[in-house]
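Fold and contact review
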Amino acid sequence: MGIVYPSEAVARRWNGALQARLRRVPLERFLSERGIVPAPRGISQDSDDLVRATVLIVEAGLALYFVDRKEGLAFGQRAVVGHVACLVSRALAEQISQADVWRIVALVSTARLLSPWIGLNAAAMTSASAARQFQKEVTKGISPLDWRIMKSASDAVGGNGLDAMARASANIAARLNAETPAAEVWPTQALQGSNKIFRSGA
């Protein structure tokens, strides 16, 4: 019996599928360990799992922020929730090398996060507005606190440290507590460089 070797094109497809599967493993493990069933295989698998993870991480930050607080989510904080969802979704999308899906993930995540507070229609409008604003602002750079939110969210999903999720929650709570972003702004080049960090898990 002879050995049949795949063609170069087939071998590349197999290798690409394997690499994509390996990139998804930390994300799926992150969800499973927290009792969330990963999305079934399909064209929307990556974006669905990213939405699940983004909502979980931002909700943890919201829960920490509201400890010992009686008041609800302030009007001005709605946009902050959308901004944070954009930060987290972008970081996690970069981590699994699916950078182009971050916007749809942010839109769906923000709507899910805000709908219990303001209803689905208002949440969807706030989500779209937050995503547009984020795209404008991110070209100018991000604040150090925003960068820490992205890094800690990536670390939490990547399993980099037992306290990674706690750091992500603390950074998000701090962002909600801030009336305005930090004055210092990191340039776009720093954000682009951080993409390598998110993917490598350094």
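It should be emphasised that the depicted structure is a prediction, and the values quoted were computed from it without experimental measurement.

Calculation notes
- Residues numbered from 1 in each chain as written.
- Predicted model: local features only at pLDDT ≥ 70, side-chain atom pairs only at ≥ 80, totals over all residues.
- Heavy atoms only, no water.
- Helix = DSSP H or I, 4+ residues; strand = E, 2+ residues; numbered from the N terminus.
- Buried < 20%, exposed > 50% of the residue type's maximum accessible area, 1.4 Å probe, protein only.
- Contact = heavy atoms within 4.5 Å.
- Areas by Shrake-Rupley, 256 points an atom, 1.4 Å probe, with all protein chains shown as cover.
- Expected span 1.5 Å × (residues − 1).
- Core = buried A, V, L, I, M, F, W, Y, C linked by side-chain atoms within 4.5 Å.
- Arc of directions from axis to C-beta.
- Phe/Tyr/Trp six-rings, centres within 6.5 Å; stacked < 30°, edge-to-face > 60°.
- Lys NZ or Arg CZ within 6 Å of the ring centre and 35° of its normal.

**Details of the overall build of the protein**
- The number of helices and strands found in the protein is 8 helices and 0 strands.
- In the protein, the succession of α and β elements from N to C terminus is α-α-α-α-α-α-α-α.
- Counting the 202 residues in the protein, one finds 44% classified as buried.
- Once local pairs closer than 6 in sequence are excluded, the contacts in the protein between residues at least 24 apart make up 70%.
- A total accessible area of about 10900 Å² is found for the protein, and carbon and sulfur atoms account for 57% of it.

**Focus on unusual backbone geometry**
- Unusually for a residue other than glycine, Asp-68 sits at a positive phi of about 65°.
- Mapped onto the secondary structure, Asp-68 falls in the loop between helix H2 (45–65) and helix H3 (75–95).
- A positive phi angle, close to 60°, is found at Ser-97, a residue other than glycine.
- Secondary-structure assignment places Ser-97 in the loop between H3 and helix H4 (102–118).

**Quick notes on the environment of Val-58**
- With respect to the element layout, Val-58 can be found in helix H2.
- Given the relative accessible area of 2%, Val-58 is considered buried.
- Along the backbone, Val-58 and Ala-153 are 95 residues apart, and their C-alpha atoms lie at a distance of 9.1 Å.
- Once residues lying within four places of it in the same chain are set aside, the contact partners of Val-58 are Val-81, Val-84, Ala-85, Val-88, Leu-113 and Ile-172.

**With respect to H3**
- An ideal rise of 1.5 Å per residue puts 30 Å on 21 residues; H3 measures up with 32 Å between its terminal C-alpha atoms.
- The buried fraction of H3 amounts to 17 of the 21 residues, a majority that puts the element mostly inside the structure.
- Positive phi appears at Ser-97, one or two residues downstream of H3, with a value of about 60°.

**So, the nonpolar core**
- Counting residues in each nonpolar core, the largest one holds 49 residues, and the members touching the most others are Phe-30, Leu-50, Ile-57, Leu-62, Val-81 and Val-88.
- The set of elements that each furnish at least two residues to this core consists of helix H1 (8–32), H2, H3, H4, helix H5 (120–138), helix H6 (144–158) and helix H7 (164–177).
- Looking at this core element by element, the count peaks at 10 residues for H3.
- Contact partners of Phe-30, with chain neighbours within four places excluded, come to Ala-53, Leu-56, Ile-57, Ala-156, Val-157 and Met-165.

**Looking at H5**
- Along its 19 residues, H5 runs 26 Å from first to last C-alpha, staying within 8% of the 27 Å computed at 1.5 Å per residue.
- Ala-123, Thr-126, Ser-127, Ala-130, Ala-131, Phe-134 and Val-138 are the residues of H5 that are buried. Down the axis, H5 shows its buried residues gathered within 140° of arc, on one side only. Set apart from the buried face of H5 by more than 90 degrees, the exposed residues are Asn-121, Met-125 and Lys-136.

**Looking at the environment of Gln-98**
- Residue placement: Gln-98 occurs in the loop between H3 and H4.
- Judged by relative accessible area, Gln-98 falls into the partly exposed class, the value being 26%.
- Taking the C-alpha atoms as reference, Gln-98 lies 9.9 Å from Leu-50; in sequence the two are 48 residues apart.
- Beyond its immediate sequence surroundings of up to four residues, Gln-98 is in contact with Asp-46 and Ala-93.

**Quick notes on the side chain of Ser-127**
- Among the secondary structure elements, Ser-127 is positioned in helix H5.
- Filtering out sequence-adjacent residues up to four positions away, Ser-127 remains in contact with Ala-106, Leu-107, Thr-110 and Ala-111.

**Here we look at the environment of Ile-96**
- One can find Ile-96 in the loop between H3 and H4.
- Separated by 71 residues in the primary sequence, Ile-96 and Val-25 place their C-alpha atoms 9.3 Å from one another.

**Comments concerning the packing of aromatic side chains**
- A full pass over the atoms with the stated rule returns 3 aromatic pairs.
- Summarising the aromatic geometry, the rings of Phe-66 and Trp-117 are spaced 5.3 Å apart at their centres and angled 25° between planes, so their arrangement reads as stacked. In this pair, Phe-66 sits in the loop between H2 and H3 while Trp-117 sits in helix H4, placing the two residues 51 residues apart along the sequence.
- Here Phe-66 falls in the buried class, since its relative accessible area comes to 16%.
- When the ring centre of Tyr-65 is taken as origin, the NZ or CZ atom of Arg-69, which lies over that ring, is 4.0 Å away.

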